Amino acid sequence: MATNTVLKVDKLCLHVEGQPVVKDLCFHVAAGERVCLLGPSGSGKSLTAGAILGLSPQSVQIDGSVCINGVEVADIRATRRSAQSRSGMVFQDTHSALNPLVSVGAQLREPFMRFHGLSRNAAMEAAVAMLAAMNIERPHEILQRSPAELSGGQRQRICMALALACKPALIVADEPTTALDVLTQQEVLKLLRECTGTADTPALLFISHDIGAACRLCERAVIIDEGRLVESNTLTHIIASPQHRFTRQLVHALRESAPGMPPYAPGFDAREGLLCTA
Ligand SMILES: Nc1ncnc2c1ncn2[C@@H]1O[C@H](COP(=O)(O)OP(=O)(O)OP(=O)(O)O)[C@@H](O)[C@H]1O
């Protein structure tokens with residue numbers, strides 16, 4: 001494994017009310033990487049995200065290890081984590097990610113004051129500059145509004161700006177485009193791509209069941225089913241030669257909806273493991 005590992009999940013087991021939901025999960029994300037955690041509904045993706053972010057509900061028992069930047073954080077709540085081991089987060093539900101009673105500007109200037117040591121005015125200028133760099137039109141005006149006065153796509157971009165302003169080594173994005181229309185989804189994916197996954201920007205763990213979005217954004221995928229890792233590889237390899245039943249179904253569906261993809265690997269039996277092979 002690369003020495004510049006930002007996130008290392010090792011033998012992670014999550015029990016909810018005594019029931020095992022995530023089982024012996026191991027994967028890592030290196031600095032400069034964008035990795036997708038893919039799995040069917042109910043496979044344990046969001047619970048895994050919660051454990052990584054330190055946001056698990058009280059009913060979840062966590063065993064195993066979550067290391068961020070070399071710091072063991074599995075049993076440390078998000079608010080108690082050191083700056084070095086904190087991650088940024090972007091969720092599907094932008095309404096609950098933002099305080100509805102506080103203007104966007106007041107929310108966005110906070111991390112600039114806290115994590116960049118800027119004065120109030122300088123923090124507001126930094127917030128304006130960040131929104132402008134993220135192609136948000138009329139940033140001054142947007143910063144004066146409350147979250148309810150923005151579109152879903154604008155709110156998601158504000159959430160990404162908030163995550164980036166905290167200067168994290170890692171951003172965890174849990175289904176960030178699911179609630180958005182197709183065009184806004186493309187914009188948010190493009191922005192996530194521009195703002196993460198390089199030497200100077202945070203690494204990304206993108207959580208989704210949309211393999212098409214994963215292919216546009218990530219180099220590598222970790223695939224889970226019923227809480228267990230079933231496949232992990234580059235997306236190029238997975239698209240050419242998916243191994244697990246769920247992955248085969250995903251890749252088959254993607255190929256049906258997006259003709260012109262690179263062919264399966266020579267000798268690969270694309271019908272094996274599909275529910276419908278007709
Ligand atoms: N707070 C909770 N209390 C009880 N069970 C829970 C709780 N949160 C999740 N679960 C259960 O744990 C399992 C995994 O849930 P999780 O939300 O991680 O799945 P997911 O892969 O993110 O699904 P989706 O793609 O539909 O969001 C599910 O069976 C779910 O019902």
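Rules of the game
Residues numbered from 1 in each chain as written. Predicted model: local features only at pLDDT ≥ 70, side-chain atom pairs only at ≥ 80, totals over all residues. Heavy atoms only, no water. UniProt positions renumbered as here; feature names shortened; annotations may be inferred. Helix = DSSP H or I, 4+ residues; strand = E, 2+ residues; numbered from the N terminus. Expected span 1.5 Å × (residues − 1). Buried < 20%, exposed > 50% of the residue type's maximum accessible area, 1.4 Å probe, protein only. Contact = heavy atoms within 4.5 Å. Domains from an automatic or database assignment. Buried area = accessible area lost by both parts, 1.4 Å probe. Salt bridge = Lys/Arg side-chain N within 4 Å of Asp/Glu carboxyl O. Polar contact = N/O pair within 3.5 Å; in protein donor to acceptor, adjacent residues only side chain to side chain. Pairing = 2+ DSSP bridges. Axes fitted to C-alpha atoms, helices over the stretch in contact; angles between N-to-C directions. Right-handed = clockwise from strand over helix to strand, strands pointing away.

Looking up the protein in an unreviewed UniProt entry gives the name Dipeptide/oligopeptide/nickel ABC transporter ATP-binding protein, with the organism given as Kushneria konosiri. Recorded in UniProt under Sequence similarities (unreviewed entry), the annotation for the protein is "Belongs to the ABC transporter superfamily." Per UniProt, the comment on the protein under Subcellular location (unreviewed entry) is "Cell inner membrane".

Draft legend 1. Helix α4 (residues 120-133), seen in detail. In a regular helix each residue adds 1.5 Å, so 14 residues correspond to 20 Å; α4 covers 20 Å between its end C-alpha atoms and thus fits that length. Taken as a whole, α4 has its buried residues at A123, A126, A127, V128, M130 and L131. Close packing links the buried residues of α4 with α3 (104-116), α5 (139-144) and α6 (152-165). The positive-phi residue at the C-terminal boundary of α4 is N135, with phi of around 60 degrees.

Draft legend 2. A look at the domain arrangement of the protein. What the domain assignment reports for the protein is domain 1 (1-86 + 173-277) and domain 2 (93-167). Listed as interface residues are ten residues of domain 1 and, on the opposing side, nine residues of domain 2. In total, about 880 Å² of surface goes out of reach between domain 1 and domain 2, with carbon and sulfur atoms giving 71% of it. Ionic pairing is found between E187 and R157, a salt bridge with its closest N-O pair at 3.3 Å. Viewed at the interface, domain 2 and domain 1 are joined by two residue pairs in polar contact (both at pLDDT 80 or more).

Draft legend 3. Main features of the sheet that holds strand β5 (residues 71-72). Spatial strand order, β2-β1-β4-β5: four strands in an open sheet with antiparallel pairing. In this open sheet, the two edge strands, each paired with only one partner strand, are β2 (19-30) and β5. Against the sheet, helix α1 (residues 45-53) makes contact with β1 (5-16), β2 and β4 (60-68), and its axis sits at roughly 120 degrees relative to β1, the strand it touches most.

Draft legend 4. The side chain of Q185, seen in detail. Structurally, Q185 is set in helix α7 (residues 182-195). For Q185, the side chain forms a polar contact with the main-chain oxygen of T177, separated by 3.3 Å. If we skip the residues at most four places from it in the chain, Q185 touches T177, T178 and L180.

Draft legend 5. Representation of unusual backbone geometry in the model. Not every positive phi belongs to a glycine, and E17 is a case in point at roughly 50 degrees. Relative to the helices and strands, E17 is located in the loop between β1 and β2. Owing to a relative accessible area of 67%, E17 belongs among the exposed residues under this scheme. Even without a glycine there, the phi angle at E175 is positive, about 50 degrees. Within the fold, E175 resides in the loop between β7 (170-174) and α7.

Draft legend 6. Main features of the sheet that holds strand β6 (residues 87-91). The strand order across the open sheet formed by six strands is β6-β7-β8-β3-β9-β10, and the pairing between neighbours is mixed. Both edges of this open sheet fall to β6 and β10 (228-234), since each of them pairs with a single strand only. On average, each strand axis in the sheet is tilted by 15 degrees relative to the strand beside it, whichever way the strands run. Pairing of strand β3 (residues 34-38) with strand β8 (residues 203-208), which is carried by five bridges, proceeds in the parallel orientation. What sits directly across from R34, in β8, is L204.

Draft legend 7. Here's a closer look at the pairing of β8. For β8, the buried fraction is high: six of the six residues fall into the buried class. Covered by surrounding structure in β8 are A203, L205 and I207 together with L204, F206 and S208, the residues of both alternating faces. Across five bridges, the pairing between β7 and β8 is parallel. Bridge assignment links V172 to a residue of β8, and that residue is L205. In the classification by handedness, the crossover that spans β7, the intervening α7 and the parallel β8 is right-handed.

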